[in-house]
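A look at the structure
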Amino acid sequence: MNEFLSPEKITQYLRTTFLGRKILCFDVLDSTNCEAARRALAEEEGTVIISEQQTTGRGRFGRKWQSPGGKGIWMSIILKPQLPPDVIPQLTLAGAAAVCLAVDEAAISFPGRGITIKWPNDLFLNGKKAGGILTEMSVSSKRTPVVVIGIGLNVNLAETDFPDELKSTATSLRLETGREHDRTKLTAGILNGFEPLYLEYLSTVDLGRTLTICRERSEVIGRKVILGNREGPVQTAEVIDLGPKGELVVRLAQTGEIKAIISGEISVALHD
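None of these values were measured; they are calculated from a predicted model.

What follows covers the pattern of salt bridges. A side chain of one charge can pair with a side chain of the opposite charge when the charged atoms of the two come close. Enumeration according to the criterion identifies 17 salt bridges in this entry. Of the charged contacts, one joins Arg 38 and Glu 35 as a salt bridge, the two residues approaching to 2.6 Å between their closest N and O atoms. Pair noted here: Arg 38 and Glu 35 are both in helix H2 (residues 32-39), with a separation of three residues, about one helical turn. When the shortest N-O distance is used, the salt bridge between Asp 161 and Lys 71 registers 2.9 Å. Of this pair, Asp 161 sits in the loop between strand S7 (146-154) and helix H4 (173-177) while Lys 71 sits in the loop between strand S2 (48-54) and strand S3 (72-79), and the two are 90 residues apart along the sequence. One connected set of salt bridges, linked through shared partners, spans Lys 22, Asp 30, Glu 35, Arg 38, Arg 39 and Glu 43.

With that out of the way, let us pick up unusual backbone geometry. The residue after Trp 119, namely Pro 120, is reached through a cis peptide bond having omega 0°. One non-glycine residue, Ala 107, lies in positive phi territory at about 55°. One can find Ala 107 in the loop between helix H3 (91-105) and strand S4 (115-118). Using a relative accessible area of 60% as the deciding quantity, one classes Ala 107 as exposed. Even without being glycine, Val 205 reaches a positive phi, approximately 50°. For Val 205, the position within the fold is in the loop between helix H5 (183-204) and helix H6 (208-216).

Its volume calculated, the second largest pocket comes out at about 320 Å³. As for the second largest pocket, its lining consists of 18 residues, and the residues nearest its centre are Asp 86, Gln 90, Lys 245, Glu 247 and Ile 262. Residues of the lining of the second largest pocket, tallied by class, amount to ten nonpolar, four polar and four charged.

Quick look at the packing of aromatic side chains now. Within this structure, the stated rule accounts for two aromatic pairs. When the ring of Phe 18 is compared with that of Tyr 198, the centres are 6.3 Å apart and the planes differ by 50°; the resulting orientation is tilted. One end of the pair, Phe 18, is in the loop between helix H1 (7-11) and strand S1 (23-29); the other, Tyr 198, is in helix H5, and 180 residues separate them in sequence. In this structure Tyr 198 comes out as buried when scored by relative accessible area, which is 0%. Three or more aromatic residues joined by ring pairs form one cluster here, namely Phe 18, Phe 194 and Tyr 198.

The rules behind the values
Residues numbered from 1 in each chain as written. Predicted model: local features only at pLDDT ≥ 70, side-chain atom pairs only at ≥ 80, totals over all residues. Heavy atoms only, no water. Salt bridge = Lys/Arg side-chain N within 4 Å of Asp/Glu carboxyl O. Helix = DSSP H or I, 4+ residues; strand = E, 2+ residues; numbered from the N terminus. Buried < 20%, exposed > 50% of the residue type's maximum accessible area, 1.4 Å probe, protein only. 1 Å grid on protein atoms, 1.4 Å probe; cavity = no way out; pocket = protein on both sides within 12 Å on 5 of 7 lines; lining within 4 Å. Points joined across faces, edges and corners; volume = space filled by probe spheres on them. Nonpolar A, V, L, I, M, F, W, Y, C, P; charged D, E, K, R; others polar. Phe/Tyr/Trp six-rings, centres within 6.5 Å; stacked < 30°, edge-to-face > 60°.

Spelled out as C-alpha cells, the structure:
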C-alpha cells in the first residue's frame with residue numbers, strides 16, 4: 001500500500017469540479033506550502049501540490065513537522081477567494097473538517113472517538129496529534145488574496161518514524177488501527193470534502209456545515225485548557241463552544257468571564 005501518490009490515481013476518486021483538477025506531485029520538497037507559494041500566482045485556483053517527503057515541513061509558529069517519505073499525506077491547496085483578508089483564517093476549520101469527512105468516508109474504525117479537532121488546526125487521535133492544517137495568505141492591494149491551505153496527515157507512519165521527543169504525543173492512522181491505509185483514497189477524500197465546504201463559505205461567508213463538523217469533532221469543547229499568550233501570562237479556562245466565526249468561546253477560571261479567543265491570539269494546551 002506504499003505506492004507513490006500520483007495525479008492519475010487520485011483523479012480516479014475525485015468528485016470535485018475544480019479542486020485537484022490539476023495536481024503536481026513531487027518526490028521531495030522543502031515544504032508543500034513553500035512550493036505552493038512559489039507557484040501560486042501562475043497556477044489556477046484549486047491546484048494541489050503534493051510531496052512524498054518534506055525536508056522542512058512546518059506547522060503553526062514555525063514548528064517542525066515530521067514528513068517521512070511515502071507514509072503520510074503532505075499537500076497544499078492553492079486558493080484565490082474573493083474574501084476579505086480578515087476572514088481567511090476561518091478556512092483552516094474547513095480544512096480540518098474535510099480531513100474528518102475523508103477519514104469517515106474511508107470507514108476506518110478506531111478504538112475510541114476517532115479523528116478530533118484541537119482548535120484551531122490540530123488533528124488528534126486518542127489524545128495524540130495525527131495531523132494539522134496550516135493556512136497562509138499573501139495579500140496585495142491590486143490582487144485577490146492568494147491562500148495556501150497546507151494539510152498534513154500521518155497515515156502509515158510507524159513508531160520508529162517519530163523522534164523520541166514526539167513518540168508520546170504523536171500518532172498515525174496505522175498506529176491507532178494496526179494496519180496500513182490507502183493514501184490515494186484519503187487524499188481524494190480530503191479534496192472531495194473540502195470543495196463543498198469552501199464553496200459554501202465563498203457564497204455565504206458563513207461556516208455553516210464546517211462549524212457543525214468542528215463542534216461535533218472538537219477535542220476541546222467541555223474541557224479545561226490553558227490559554228497562553230506567547231509573550232504573556234497563561235490563564236486556565238473551560239471551553240464552552242465555538243462561535244459563529246470559528247472563535248473559541250471560553251469561561252475564564254479566575255473570573256468566570258466569557259471570552260472569545262480568535263485564531264493566532266493564543267496557543268492552547270489541553271489541561272484536565
